[in-house]
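Residue strings, one per chain:
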Amino acid sequence: MDRLDPAGPTAARGRPLSGIRVLALEQYGAGPWATSHLAELGADIVKIESPSGGGDSGRYVPPFQDGEHSLFFETLNAGKRSISLDLRHPRGREVLEALVARSDAVFSNLRGDQPARLGLRYADLEAVNPRVVCVSLTGYGTTGPRAAEGAYDYVVQGYAGWMTMTGEPGAPPTRTGLSLVDLSAGFAAATALLSGLLAAGRTGRGGDYDVALLDTALALEIYAATWHLSRGWLPERTRNSAHPSMVPFQNFATADGWIVVCVAKESLFGRLCDALGVPLLVADERFATFAARRRHRDEVLDILERRFAADTTEHWLGELRAGGIPCGPVNDLAAAFEDPQVKARSVVVETEHPVLGTVRRV
């Protein structure tokens with residue numbers, strides 16, 4: 001590990017979080033994802049890894065893995081520093097407290113019972129550094145009957161009801177294509193940490209911040225949760241990833257692929273009909289409003305699906321874009337990174353790793 005100079009790594013100087021040091025007891029996905037954004041913004045992230053078990057389990061995720069190095073780990077931990085430390089050993093505790101005295105935050109990504117057991121709460125560290133911000137990101141939180149249970153994104157998607165909302169009608173329970181609970185909880189934890197730093201800057205005192213995967217997954221159900229809790233509504237899976245209430249707002253098969261079309265305003269339906277060459281649909285009272293189209297969903301979609309299937313994705317993208325209708329192709333990963341907008345934004349960076357060689361990542 002690099003020497004812990006007060007200013008942090010030289011490369012971070014000049015970035016918004018330059019001079020901020022975060023001790024991160026994190027592993028695998030959600031926690032490292034949270035602090036990776038802080039590192040990008042210039043924070044000095046010091047990972048504290050356990051000497052037993054080879055450290056962060058993310059180091060050994062296949063398929064692109066060589067010893068303790070993997071592309072999975074590199075994606076989530078580039079720009080951080082790391083030490084191996086046994087927090088249960090008295091000397092390890094001394095080292096931790098010495099680091100806490102010179103840091104702004106302690107971030108832990110463990111089971112909900114571990115911050116108390118390992119002395120990572122504000123009450124445990126206040127005497128060492130009264131300004132320290134203590135953020136805990138766990139599966140279920142630090143309270144409640146499942147606080148001591150471990151959790152993964154997949155499990156929480158099941159608990160939160162996501163798997164019954166995702167996929168085609170009649171399909172088995174389906175997870176989202178990416179680990180969106182982990183990723184979203186990471187963003188929530190990073191926000192909590194930054195909020196804590198702002199508060200500590202005003203008051204001179206840190207505090208505890210408790211973020212959970214399950215809480216985050218439920219929060220992300222937003223209006224669906226409000227509809228259910230307020231009116232007893234339950235979601236039904238929709239064909240071709242259709243919006244639950246707006247029609248048309250979904251995927252359509254074309255002659256050579258798929259296209260996403262989003263009619264989010266009444267005025268856009270008329271433009272869509274013009275672009276598809278079926279302008280008379282607008283005058284049909286069955287399709288004149290969102291409410292009417294929802295009642296006659298099958299009829300209007302049957303007409304639109306036949307029109308989209310008659311020509312290519314490229315053709316329809318040209319027609320729809322000319323009409324100002326939000327749309328896009330359904331790309332695979334390779335096509336997504338070849339998109340001219342993606343290239344123009346320079347979102348892909350390239351670094352050299354001593355073991356993995358050239359690493360290209362977002």
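This one's a predicted model, so the numbers in the text were calculated from it and none came from an experiment. (Residues numbered from 1 in each chain as written. Predicted model: local features only at pLDDT ≥ 70, side-chain atom pairs only at ≥ 80, totals over all residues. Heavy atoms only, no water.)

**Q** Any chance you could explain the sheet that holds strand β2 (residues 44-49) here in plain terms?
**A** Sheet strands pair by backbone hydrogen bonding; their relative direction is either parallel or antiparallel. Strands sit in the order β5-β2-β1-β6-β7-β8 across an open sheet of six strands; the sheet is parallel. Taken across any chain shown, the strands that pair with only one partner, and hence form the sheet edges, are β5 (81-84) and β8 (207-212). Neighbour to neighbour, the strand axes of the sheet diverge by 20° on average, direction disregarded. In this structure, strand β1 (residues 21-25) lies alongside strand β6 (residues 105-108), joined through four bridges in parallel fashion. When the sheet's bridge partners are listed, L23 is paired in β6 with V106. Sheet strands touched by helix α3 (residues 90-100): β1, β2, β5 and β6. Its angle to β1, the strand with the most contacts, is close to 150°. (Pairing = 2+ DSSP bridges. Helix = DSSP H or I, 4+ residues; strand = E, 2+ residues; numbered from the N terminus. Axes fitted to C-alpha atoms, helices over the stretch in contact; angles between N-to-C directions. Contact = heavy atoms within 4.5 Å.)

**Q** Could you clarify how one ought to interpret the side chain of T216 in this entry?
**A** With respect to the helices, strands and loops of the structure, T216 is situated in helix α8 (residues 213-219). Owing to a relative accessible area of 11%, T216 belongs among the buried residues under this scheme. Excluding its chain neighbours within four sequence positions, the residues that come into contact with T216 are S184, A185, A188 and V211. (Buried < 20%, exposed > 50% of the residue type's maximum accessible area, 1.4 Å probe, protein only.)

**Q** What is the right way to read the layout of surface pockets from this model?
**A** A water-sized probe, rolled over the atoms, reveals where empty space remains. Taken as a whole, the largest pocket encloses approximately 1,200 Å³ of empty space. Contributing to the lining of the largest pocket are 32 residues, with W33, F72, T75, L76 and L178 lying nearest its centre. Listing elements by their share of the lining of the largest pocket, those giving two or more residues are α1 (30-40), α2 (71-77), α6 (153-160), α7 (180-203), α14 (333-338) and β13 (357-361). Per element, the largest residue contribution to the lining of the largest pocket is five residues, and it comes from α1. Residue classes in the lining of the largest pocket are distributed as 20 nonpolar, six polar and six charged. (1 Å grid on protein atoms, 1.4 Å probe; cavity = no way out; pocket = protein on both sides within 12 Å on 5 of 7 lines; lining within 4 Å. Points joined across faces, edges and corners; volume = space filled by probe spheres on them. Nonpolar A, V, L, I, M, F, W, Y, C, P; charged D, E, K, R; others polar.)

**Q** How do you make sense of the sheet that holds strand β9 (residues 249-253) when you look at a structure like this?
**A** Reading across the sheet, the three strands line up as β9-β10-β11 and stay open at both edges, with antiparallel pairing between neighbours. In the strand order of this sheet, the two ends are held by β9 and β11 (327-329), each with one partner. Pairwise comparison of adjacent strand axes, ignoring direction, gives a mean angle of 20° for this sheet. Taken together, the five bridges between β9 and strand β10 (residues 258-262) define a ladder with antiparallel strand orientation. Residue pairing across strands places F252 opposite I259, the latter belonging to β10. The strands touched by helix α12 (residues 297-308) within the sheet are β9 and β10, with β9 carrying the most contacts at an inclination of about 45°.

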